[in-house]
Amino acid sequence: MDRLFNVSDKPIIIAGPCSAESLHQLQSVSYHLQSDSRVAMMRIGVWKPRTRPGGFEGMGEPALEWADKVHSLYPGLPICCEVARPEHIELCQQHSIDAVWIGARTSVNPFLVGELAETLRGTTLGVLVKNPITPDVDLWMGAIERLLKAGIVDIAAVHRGFSTYNNFGYRNNPLWEIPIELRRRMPQLPLLCDPSHIAGRRDLVAPVAQMSLDLHFDGLMVECHDDPDSALTDSQQQLSLTDFTALLNNLKVRQFSDTAPSDLQRMREQLDIIDTQILKLLSQRMKISKDIGAIKHAHNMPIYQPSRWQQVLDRQIQNAKQMGLDEQFVKDITEKIHAESLRMQK
Ligand code: PEP
Ligand code: MN
């Protein structure tokens, strides 16, 4: 049987509204998407997991009836939606849904994923697995393994970023090293990026999407809406249909081959990401250091405190041993960082 999620040299593009809101909205969006041969599938949110109660929680079954209408208009455009309970899967099967996705607040829970996998057993639905909200590659992989154990083969992973305390301007911290590690462990698994939920803002969607393609992701899941400003959920990040087409037009799809130079390129891209993270952490460290400087001044304390410095150095040398790093190298960079901290506190 043909799979929905097939890796090729063209990215797998899934697009559509965060939430299905009306038949009219789904007709406008699907009309636009079906006319673009680069789009593989439409996404619609039917049941919406909301962080706080009281907001719009999705239309539920009526949205599936709209999906049936869209399917009868455009049978060549498969439709996917999020499921979080076994009953959702049963309803999807009674309607024109071709694939489902397990959201970040569900993939975090092995009990729920196990139940969903059992309900999906024997169905023809494709399954997308978003990363859990916590940056835990084992949990993400575990969710995929539970589906594989239930005999589901048409699976793809979707990277949508992580909830962390410092997201550096993104809604969800991308922590690219996590999907890169998933790919290393499961090289055959199609890996998509959801730049909309990582970005949280329209203007950041394109750079995040491009970054993922540069990192060899196999496709994108993008939120778009016929009238994003009046969207009932995630209005800040949904692209207008025109902007969505512009995004696809402007994406640079790189050709990767399996020969050494492209491996080299991928590894260099990983190094670039890590280098940026090192600088971000250093900048955070310097900010805290500066605040400490202000407290020292207020309490008339000396900036340099030999016993504290000895503790810092000893701990870092201990860390170096455990991490297999050269002790002298770690001593040198720790001294440099300390000197810069003292300069900042002056
Ligand atoms: C969504 O795709 O609309 C959604 C709720 O996603 P996530 O599970 O990634 O938060
Ligand atoms: Mn959304």
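Here the structure is a predicted model, which is why all the values come from computation and not from measurement.

A short note on the pairing of strand 1 (residues 12–16)
Among the 5 residues that make up strand 1, 5 are buried, leaving the element largely enclosed by the rest of the structure. Burial along strand 1 is two-sided: Ile12, Ile14 and Gly16 and Ile13 and Ala15, pointing in opposite directions, are all buried. Where strand 1 and strand 8 (residues 219–225) come together, 5 bridges link them in parallel fashion. If you follow Ala15 over to strand 8, its bridge partner there is Val222. Strand direction decides the pairing type here: strand 1 and strand 2 (residues 39–44), joined by 3 bridges, are parallel. Following the sheet pairing, Ile13 is matched in strand 2 by Val39. Running through helix 1 (residues 23–34), the crossover from strand 1 to the neighbouring parallel element strand 2 is right-handed.

Points about the coordination of the manganese ion (ligand 2)
Looking at the manganese ion (ligand 2), the protein donor atoms are Cys18 (SG), His197 (NE2), Glu223 (OE) and Asp234 (OD), and they sit 2.1 to 2.4 Å from it. Mapping the donors of the manganese ion (ligand 2) onto the primary sequence yields the spacing C-x178-H-x25-E-x10-D. Pair noted here: Cys18 is in the loop between strand 1 and helix 1 and Glu223 is in strand 8, with a separation of 205 residues, a long-range link.

Topic: helix 3 (residues 86–94)
Among the residues making up helix 3, those that are buried are Pro86, His88, Ile89, Leu91 and Cys92. Along its buried surface, helix 3 packs onto helix 2 (61–73), strand 3 (79–83), strand 4 (99–102) and helix 4 (110–120).

Topic: a nonpolar patch on the surface
Residues Leu271, Ile274, Ile278 and Leu279 make up a contiguous nonpolar surface patch of roughly 390 Å² in combined accessible area. With respect to the helices and strands, the residue Leu271 is situated in helix 10 (residues 260–298).

Thoughts on the domain arrangement of the protein
Looking at the protein, the domain boundaries give domain 1 (7–250) and domain 2 (262–345). Inter-centroid distance (C-alpha atoms) of domain 1 to domain 2 is 38 Å. Contacts between the two partners involve 11 residues from domain 1, matched on the other side by 7 residues from domain 2. Along the contact surface separating domain 1 from domain 2 lie 0 salt bridges.

What to know about the pairing of strand 3
Judged by how many residues are buried, strand 3 sits mostly within the fold: 5 of 5 residues are covered. In strand 3, alternate side chains face the same way, and those of Ile79, Cys81 and Val83 on one face and Cys80 and Glu82 on the other are all buried. In terms of strand pairing, strand 2 meets strand 3 through 3 bridges, oriented parallel. When the bridges of strand 3 are listed, Ile44 appears paired with Cys81. Since strand 2 and strand 3 lie parallel, the crossover through helix 2 that links them has a hand, and here it is right-handed. In this structure, strand 3 lies alongside strand 4, joined through 4 bridges in parallel fashion. In the sheet register, Glu82 faces strand 4, and the bridge partner there is Trp101.

Things to note about the pattern of salt bridges
For side chains of opposite charge, pairing can occur when their charged atoms come near one another. Summed over the entire model, instances satisfying the criterion amount to 15 salt bridges. Of the charged contacts in the structure, one is a salt bridge between Asp194 and Lys130, with a shortest N-O distance of 2.8 Å. Of the two residues, Asp194 is situated in the loop between strand 7 (191–193) and helix 7 (195–199) and Lys130 in strand 5 (residues 126–130); the sequence distance between them amounts to 64 residues. Where Arg183 meets Asp218, a salt bridge forms, and the shortest distance between an N and an O atom there is 2.5 Å. Of the two residues, Arg183 is situated in helix 6 (residues 177–185) and Asp218 in the loop between helix 8 (202–214) and strand 8; the sequence distance between them amounts to 35 residues. Members of the salt-bridge network, linked through shared partners, are Asp138, Glu181, Arg184 and Arg185.

Criteria and cut-off values
- Residues numbered from 1 in each chain as written.
- Chains lettered and ligands numbered in written order.
- Predicted model: local features only at pLDDT ≥ 70, side-chain atom pairs only at ≥ 80, totals over all residues.
- Heavy atoms only, no water.
- Buried < 20%, exposed > 50% of the residue type's maximum accessible area, 1.4 Å probe, protein only.
- Helix = DSSP H or I, 4+ residues; strand = E, 2+ residues; numbered from the N terminus.
- Pairing = 2+ DSSP bridges.
- Right-handed = clockwise from strand over helix to strand, strands pointing away.
- Donors = N, O, S within 2.8 Å, 3.2 Å for Na, K, Ca; no water.
- Contact = heavy atoms within 4.5 Å.
- Patch = residues over 30% accessible without salt bridge, like charges linked within 9 Å, V, L, I, M, F, W, Y side chains within 5 Å.
- Areas by Shrake-Rupley, 256 points an atom, 1.4 Å probe, with all protein chains shown as cover.
- Salt bridge = Lys/Arg side-chain N within 4 Å of Asp/Glu carboxyl O.
- Domains from an automatic or database assignment.

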